[in-house]
Amino acid sequence: MVPKTRDLRRTAALAGLPSAPTAALIGLLSVPAMLGAQGLRVGSGERFTSISEAIALAGDGDTVVVTAGTYHERLLVERPVALVGEDWPVLDGDGGGHVIEAHASLYLRGFVIRGSGSSVDQEHAGVMIHDAAAHIEGNRLEDVYYGIYLKNASGSVVRGNRIEGKPFPPPRRGDGIRLWYSSNSRILDNRVIGTRDVVVFFSDSLLVRGNVIERGRYGLHYMYSDHNVFERNRFDGNEIGAFLMYSTDILLHENVFANSTGSTGMGLGLKDADAIRVTGNLFVGNRIGIHLDNSPSGVSGRNVFTENLLLGNQTAVRLLPSVRANDFEGNDFVDNGSPVVVAGGANRGQAARNLWARNYWSEYAGFDQNADGLGDTPFLHARLADDLLSRHPALRLFAMSPALGVLEVISRFFPFLKPEPVVVDSLPRVATRQLERWTSSEGFGGAESARTLQAARWLAVPWLLLGAVAGGALWRVARVRRS
């Protein structure tokens, strides 16, 4: 049997683990050697045929081993135990309540968990943890309303689980993983498919790494949480990849934000977010790659975007008019419909509110005569078509029409049509850096990201031409605007 709590404290101290009983229990139960010890066994031919009965007789720190089979039970855990499945036992809640509800430290591994209830106000979940740390590893959750719900569960680990929601429309679903006041936790290598959101509220000092979140509403729905790291996650095919609000000191590193094409369709959105570092990420095939609203919100703070690849988005970066103090340096802007747009149109002095330096712009037409890798003339983005589309969203019907290109040429000969600049990059790079890293299957993007990039480059081929109708409509709008 796994040692009791008193022995856990001593073993934890020797291993350098925290001394609190719940943290020690979780840390110790993570050790495979300890899980190999004999515990209470459940299944055909075993002492127990009911998991609930074994839990009721288990002591603090005991292991309950469940063999293959289907168990129509809803479990309530009220003392620290480990539940370990052998050969994927199925725990079926038959559509009522939480499938597993724990009010004490829990180690959970190796189960198929399905059939939670679907009550909105009761927040029915596959696994619900209250007021204790948990280690939930290597499970498959199917047909669950909420998947894994950590409520006041600081110090938890959620690793290597596959979570699929109920077949409801996205607004009706529950969240795949939800953290509520659960700081100092780790969310690692999970796959979340077809749920509503992955939610992080009021949870600080997290590590979120290696997760794949797809076909949901928000890949990441995030508020009031500080000092967190999101690394090498993949947000693919969600209505919004990630939206961070009212938070500070967040690192987003080497993530993929792909194919967010809903009505909002943002890869990454920031609202009232300060000291955000966005480094080495891929934004591909989104309606909007990066959206900024009052970020940073502080007077003296800055957000930093560096070494990212923005490829094949309808709009790479969209700023609200008041946005300032963001540094964009060393990024690649490749084959986007519009590299940067100010919602509602740029105001005088807009280009000086944010820093743009040493970025690669596929629209840049300058030269590099001294071969230092930097263009001889600045890159200035002030495109009439972008200005018109931002001021008159209904004209997006013509977004891929050649009429926009014609109108752009005409605007060069008529200074009164020229809009305010949005971007001035005084040292533009003339060659890409990030594109080569992501397209290599050996690079940090991996083979899956390389395939995403190849598909996105085909999707970036312009739509069928709309021609003279679009040109006439846009020309009339331009004349009215300048009259």
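Located above this text is the structure these notes cover.
Just so it is clear, the model here is predicted, and its values are computed rather than measured. (Residues numbered from 1 in each chain as written. Predicted model: local features only at pLDDT ≥ 70, side-chain atom pairs only at ≥ 80, totals over all residues. Heavy atoms only, no water.)

Draft legend 1. Up close: the pairing of strand β15 (residues 162–165). Judged by which residues are buried, β15 turns out to be one-sided: Ile 163 and Gly 165 face inward and are buried, whereas Arg 162 and Glu 164, on the alternate face, are not. Two elements, strand β12 (residues 140–144) and β15, share three bridges in a ladder whose sense is parallel. Across the sheet, Val 144 pairs through a bridge with Gly 165, a residue of β15. The pairing of β15 with strand β18 (residues 191–193) spans three bridges and is classified as parallel. Across the sheet, the residue bridging to Ile 163 is Val 192, located in β18. (Buried < 20%, exposed > 50% of the residue type's maximum accessible area, 1.4 Å probe, protein only. Helix = DSSP H or I, 4+ residues; strand = E, 2+ residues; numbered from the N terminus. Pairing = 2+ DSSP bridges.)

Draft legend 2. Representation of unusual backbone geometry within the structure. Geometrically, the link from Ser 295 to Pro 296 is a cis peptide bond, its omega value of 0° lying close to zero. Summarising the element assignment, Pro 296 is placed in the loop between β29 (288–293) and β30 (303–306).

Draft legend 3. Representation of the environment of Gly 147 in the model. Along the polypeptide, Gly 147 turns up in strand β13 (residues 146–151). In the structure, Gly 147 is positioned 16 residues away from Ile 163 in sequence and 6.3 Å away in space, judged by C-alpha atoms. When near neighbours in sequence (up to four residues on either side) are disregarded, Gly 147 contacts Ala 125, Gly 126, Val 127, Leu 141, Ile 163, Asp 175 and Gly 176. (Contact = heavy atoms within 4.5 Å.)

Draft legend 4. Here's a closer look at the packing of aromatic side chains. All told, the structure shown has 18 aromatic pairs when counted by the stated rule. For the pair Phe 235 and Phe 257, a centre-to-centre distance of 5.2 Å together with 15° between the ring planes defines the contact as stacked. Linking Phe 235 in strand β24 (residues 234–236) with Phe 257 in strand β26 (residues 256–258), this pair joins segments that are 22 residues apart in sequence. Taking relative accessible area as the criterion, Phe 235 reaches 2% and is therefore assigned buried. According to the relative accessible area criterion, Phe 257 is buried, its value standing at 0%. Ring centres 6.0 Å apart and planes at 55° place the aromatic pair Trp 356 and Trp 361 in the tilted group. For the pair shown, Trp 356 and Trp 361 are each scored as buried. Among the aromatic residues, those joined into a ring-pair cluster are Phe 305, Phe 328, Phe 333, Trp 356, Trp 361, Tyr 364 and Phe 379. The ring of Trp 88 carries Arg 140 above its face, with NZ or CZ at 4.1 Å from the centroid. (Phe/Tyr/Trp six-rings, centres within 6.5 Å; stacked < 30°, edge-to-face > 60°. Lys NZ or Arg CZ within 6 Å of the ring centre and 35° of its normal.)

Draft legend 5. Layout of the side chain of Arg 173. If you trace the backbone, Arg 173 turns up in the loop between β15 and β16 (177–180). Despite its burial, Arg 173 remains without a salt bridge, the nearest opposite charge being carried by Glu 239 at 7.2 Å. There is a polar contact of 3.1 Å between the side chain of Arg 173 and the backbone oxygen of Thr 195. For Arg 173, the contacting residues outside a window of four places in its chain are Tyr 145, Lys 166, Phe 168, Gly 194, Thr 195, Arg 196, Arg 215 and Gly 216. (Lys, Arg positive; Asp, Glu negative; His and termini not counted. Salt bridge = Lys/Arg side-chain N within 4 Å of Asp/Glu carboxyl O. Polar contact = N/O pair within 3.5 Å; in protein donor to acceptor, adjacent residues only side chain to side chain.)

Draft legend 6. The environment of His 227, seen in detail. Following the sequence through the fold, His 227 ends up in the loop between β22 (218–223) and β23 (228–231). With relative accessibility at 44%, the residue His 227 sits in the partly exposed group. Placed 21 residues apart in sequence, His 227 and Leu 206 show a C-alpha to C-alpha distance of 7.3 Å. Among all residues touching His 227, those that are not within four sequence positions of it are Ser 205, Leu 206, Thr 248, Asp 249 and Ile 250.

Draft legend 7. Spotlight on the pattern of salt bridges. One pass over the full model with this rule turns up 22 salt bridges. The residue Arg 277 makes a salt bridge to Asp 249 at a minimum N-O spacing of 3.0 Å. A residue pair is termed long-range when its members are at least 10 positions apart, and Arg 277 in strand β27 (residues 266–279) and Asp 249 in strand β25 (residues 240–253) qualify at 28 residues. The network of salt bridges with shared partners includes Arg 41, Glu 46 and Glu 86.

Draft legend 8. Representation of the side chain of Arg 196 in the model. Mapped onto the secondary structure, Arg 196 falls in the loop between β18 and β19 (197–201). Side chain to side chain, Arg 196 and Tyr 146 meet in a polar contact 3.1 Å long. Residues contacting Arg 196, with those up to four places away along its chain left out, are Tyr 146, Pro 170, Pro 171, Arg 173, Gly 174, Asp 175, Arg 178, Gly 216, Arg 217 and Tyr 218.

Draft legend 9. Examining the environment of Ser 338 more closely. Within the secondary structure, Ser 338 sits in strand β35 (residues 338–342). Given the relative accessible area of 7%, Ser 338 is considered buried.

Draft legend 10. Structural detail: the pairing of strand β5 (residues 81–85). With five of its five residues buried, β5 lies for the most part within the structure. Of the two faces of β5, both are covered, the one formed by Val 81, Leu 83 and Gly 85 as well as the one formed by Ala 82 and Val 84. Pairing analysis gives four bridges linking β5 to strand β8 (residues 106–109), with the strands arranged parallel. Among the inter-strand pairings, Ala 82 is bridged to a residue of β8, identified as Tyr 107.

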